[in-house]
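# Per-entry structural report
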Amino acid sequence: MKRDMAADSPRAGASGGDRAWSRLLESVSGPLVACAAALPVCVVISLSAGAGPFDLIAGLWTGAWGSADALATTLGKLTPLLLTGLAVSMAYQARLLNIGCEGQLMLGALASAAFAASATSLPASLLAPLTLIAGAVTGAAWAYPAVWLKQKRGVHEVITTIFMNTIAIHLCEILVLGPLGDGTAIGRTREIGDGAVWPPVWQYGAMGLSAAPFFAVVLGFLAHFWLSGTPWGFEVKAAGCNPESARAAGIEVERWQKRMFLLSGALAGLAGALEVVAVHHRFYRAFSPGYGFDGITAAFLANAAPGWVWLSGLLLAGLRAADKWLQLAVGISPSSIYIIQACLLLSVAGQPGIRDGLGRLVSNLRAGGRMQLGEHTRTGEPESRQ
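These remarks concern the structure in this document. (Residues numbered from 1 in each chain as written. Predicted model: local features only at pLDDT ≥ 70, side-chain atom pairs only at ≥ 80, totals over all residues. Heavy atoms only, no water.)

### Some remarks on the overall build of the protein chain
- Each helix and strand counted, the protein chain has 15 helices and two strands in total.
- In the protein chain, buried positions account for 42% of the 386 residues.
- A fraction of 75% describes how many contacts in the protein chain between residues 6 or more apart in sequence connect residues 24 or more apart.
- A total accessible area of about 19600 Å² is found for the protein chain, and carbon and sulfur atoms account for 65% of it. (Helix = DSSP H or I, 4+ residues; strand = E, 2+ residues; numbered from the N terminus. Buried < 20%, exposed > 50% of the residue type's maximum accessible area, 1.4 Å probe, protein only. Contact = heavy atoms within 4.5 Å. Areas by Shrake-Rupley, 256 points an atom, 1.4 Å probe, with all protein chains shown as cover.)

### What to know about helix α3 (residues 68–93)
- The end-to-end C-alpha distance of α3, which contains 26 residues, comes to 37 Å, matching closely the 38 Å that a straight helix rising 1.5 Å per residue would cover.
- Following α3 by one or two positions, R95 adopts a phi angle in the positive range, close to 60°. (Expected span 1.5 Å × (residues − 1).)

### A short note on the pattern of salt bridges
- A full pass over the atoms with the stated rule returns 10 salt bridges.
- One salt bridge in this structure joins E157 and K150, with 3.3 Å as the shortest N-O distance.
- The salt bridge involving R320 is made with D294; its shortest N-O contact spans 2.5 Å. Here R320, found in helix α12 (residues 309–321), pairs with D294, found in helix α11 (residues 291–301); they are 26 residues apart in sequence, far enough to count as distant. Each member of the pair R320 and D294 is classed as buried. (Salt bridge = Lys/Arg side-chain N within 4 Å of Asp/Glu carboxyl O.)

### Thoughts on the environment of G250
- By the secondary structure assignment, G250 is in the loop between α9 (243–248) and α10 (253–280).
- What makes G250 exposed here is its relative accessible area of 59%.
- Along the primary structure G250 and E235 are separated by 15 residues, whereas in three dimensions their C-alpha atoms are 9.7 Å apart.

### A look at the nonpolar core
- Grouped together as the largest cluster of nonpolar side chains are 83 residues, with contacts concentrated most on L56, L60, L274, F283 and I340.
- Looking at this core element by element, the count peaks at 13 residues for α10.
- Residue contacts for F283: discarding those within four places in its chain leaves M106, A109, L110, A113, C172, V176, G187, R188 and T189.
- In terms of nonpolar packing, the next biggest core, distinct from the first, is built from six residues, L96, A143, A146 and V147 among them. (Core = buried A, V, L, I, M, F, W, Y, C linked by side-chain atoms within 4.5 Å.)

### Some thoughts on helix α4 (residues 101–118)
- Between its first and last C-alpha atoms α4 spans 25 Å; for 18 residues at 1.5 Å apiece the expected length is 26 Å, and the two agree.
- Buried residues dominate α4, accounting for 14 of its 18 residues.

### What to know about the environment of L180
- Here L180 shows up in the loop between α6 (157–177) and β1 (202–204).
- Sequence separation between L180 and R190 is 10 residues, and the spatial gap between their C-alpha atoms is 8.1 Å.
- Contacts of L180, omitting those with residues within four sequence positions, involve L110, A114, L175, R188 and T189.

### Digging into the packing of helix α8 (residues 231–241) against α10
- Interhelical geometry of α8 versus α10 gives an angle of 105° and a closest axis separation of 10 Å. It follows from the interaxial angle that α8 and α10 lie roughly perpendicular. Facing α8, whose interface residues are W232, E235, V236 and A239, α10 presents V253, W256 and M260.
- The residue makeup of the contact of α8 with α10, split by class, is six nonpolar, no polar and one charged. (Axes fitted to C-alpha atoms, helices over the stretch in contact; angles between N-to-C directions. Parallel < 35°, antiparallel > 145°, perpendicular 65-115°, else oblique. Nonpolar A, V, L, I, M, F, W, Y, C, P; charged D, E, K, R; others polar.)

Printed below as a string of structure tokens:
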């Protein structure tokens, strides 16, 4: 018995190691498959624009990573993409889809800018964290009606959050042109107080980079460890994977769904607040170029794994940072970025089919190898045994 247990333990350890590798490959397969799908599209765009077949790819690399300025720009754009991607990922753990990150980001940014511009008398030790809290609380508050309608009236959260996005965008425009504006027709708030500003931690010429992207990456890893290493994270995953079994086990499914959706809204609002304190120092009418919608792509490129959203966020941030360089140096329209992002979305939608196809191919190859090995073994045996 002891010998059998000892013999089984390595196999159990190997099985656990295989599962860990499988989860790792599943998490990183999204960006890899998306990049592979986008490469031929980049070649076609380059050729159609009269450039070389790989000029677009080279331009994207140079514009995103080719200099210190490009690196600072890419990392600066990582913050809202990572946090909105993290927001979508956290809601999806409870099998809820938060499409409203754009509106939550916009209102969170407006609330934090308005608060920081009006509370300049507060010391920096209070003003800086309260500004971020104002953005996060506003984002969570704007997410609440969607999850309430989901649980009380059965209204799907995708429909509700799409409507809430439109309302939030127009509401921000009304407020910034009216009571929260700086009195001009530009459509912006007053500049926030110096105590709320996040100063650059790295300065290169005119470009400065604050600690916001690193803070966002840390939040992503904390979310990963919370989900994978705590009993609360286990309950969230159980509530998302099988709500009926989770209820039978005593897990409060509806309460966890509400908490995760509010957390998702808070992260989106925090993304807007960080853009205010680290980049713009005020709120503009056209504040977000669609970061909330790109966050959906960032989340599902990483298969909604919070610990890997930074990777897909870097990919999208690099695309956004390189758009001007493409036009100036390569002569390719920046609109090609949207074509590439559309290909990324299509690859995300097709990931299950691609993984299933690859899995069947690997299984067939393994089965064929085992059959050939069996034939060789049979042919190598003696023809007669007495």
